[in-house]
Amino acid sequence: MIVILIGYMASGKSTIGRQLADKVNYQFVDLDDYIEEREKMSIVDLFKAKGEIYFRKIESIYLKEIIEENDNLILSLGGGTPCYGQNMEYLKKAINVNSIYLKASIGTLVNRLENEKSKRPLVAHLKTQEELIEFIGKHLFERNQFYSLANETFVTDKLATEAIVKAIRNKLF
Ligand code: S3P
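Anyway, here's the lowdown on the structure attached to this text. (Residues numbered from 1 in each chain as written. Predicted model: local features only at pLDDT ≥ 70, side-chain atom pairs only at ≥ 80, totals over all residues. Heavy atoms only, no water.)

A few points about the side chain of R56
In this fold, R56 is placed in helix α3 (residues 43-69). Residues contacting R56, with those up to four places away along its chain left out, are G80, T81, Y84, L122 and R143. (Helix = DSSP H or I, 4+ residues; strand = E, 2+ residues; numbered from the N terminus. Contact = heavy atoms within 4.5 Å.)

Given below as structure tokens:
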């Protein structure tokens, strides 16, 4: 089985993915890390040097490459991965793939992203908390149609990482 973690930036995909993989003895891959390794450039530099359209193109290629070449895998996607190209359609059709939406409220995401903006080219330019709230609100609204196609949704706001990992294990393993 391949378990795909999807959700907005700072929804905990990588942290939860790593712990889940450890618990169930699966391999863990973070799509952003994989892209950085393959392209030999950070996501921030990739956006700067080649632009978002190039990023979305390779993101989709590497997503398929990882899925085709692996099994017993936990894969954390980037926040935008399910929302571009045919990525979500591809994931829904893929055999043995289970997608999980880690759903967090705007408040939770704003709190986390305020301190982590610089690593995220899409929000790095937002200066005030109000700007961040407005941006995330609109962005989540647009992206929800893709996120909500996941096989399972877990609302994560009030839960510690361990509790989320346990809930996913109980559901899928
Ligand atoms: C993006 C999210 C990022 C990264 C890129 C674009 C997005 O991943 O892929 O900056 O479109 O939401 P994280 O969700 O891991 O921050």
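From this point, things continue past the structure.
Some words on the site of the ligand
Every one of the 13 residues lining the ligand counts as a neighbour, but K13, D32, R56, R120 and R143 are closest to it. A distance of 2.6 Å separates an oxygen atom of the ligand from a polar atom in the side chain of R56. Contacts to the ligand include G79, whose backbone N or O atom sits 2.8 Å from an oxygen atom. Contact with the protein chains removes 95% of the 390 Å² of surface that the ligand exposes when unbound. More than half of the atoms belonging to the ligand lie within 2 Å of the grid points that define the largest pocket. (Near = heavy atom within 4 Å. Polar contact = N/O pair within 3.5 Å; in protein donor to acceptor, adjacent residues only side chain to side chain. Areas by Shrake-Rupley, 256 points an atom, 1.4 Å probe, with all protein chains shown as cover. 1 Å grid on protein atoms, 1.4 Å probe; cavity = no way out; pocket = protein on both sides within 12 Å on 5 of 7 lines; lining within 4 Å. Sits in = over half its atoms within 2 Å of the grid points.)

Digging into the layout of surface pockets
If you add up the space inside the largest pocket, you get close to 660 Å³. Lining the largest pocket are 31 residues, and of these M9, S14, D32, K119 and R120 lie nearest its centre. For the lining of the largest pocket, the element with the highest residue contribution is α3, accounting for six residues. Per-class residue counts for the lining of the largest pocket are nine nonpolar, nine polar and 13 charged. (Points joined across faces, edges and corners; volume = space filled by probe spheres on them. Nonpolar A, V, L, I, M, F, W, Y, C, P; charged D, E, K, R; others polar.)

A short note on unusual backbone geometry
The phi dihedral of K40 is positive, around 55°, even though this residue is not glycine. On the secondary structure map, K40 appears in the loop between α2 (31-39) and α3. Positive phi is not limited to glycine here, since N96 has a value of about 75°. With respect to the helices and strands, the residue N96 is situated in the loop between α4 (87-93) and β4 (97-103).

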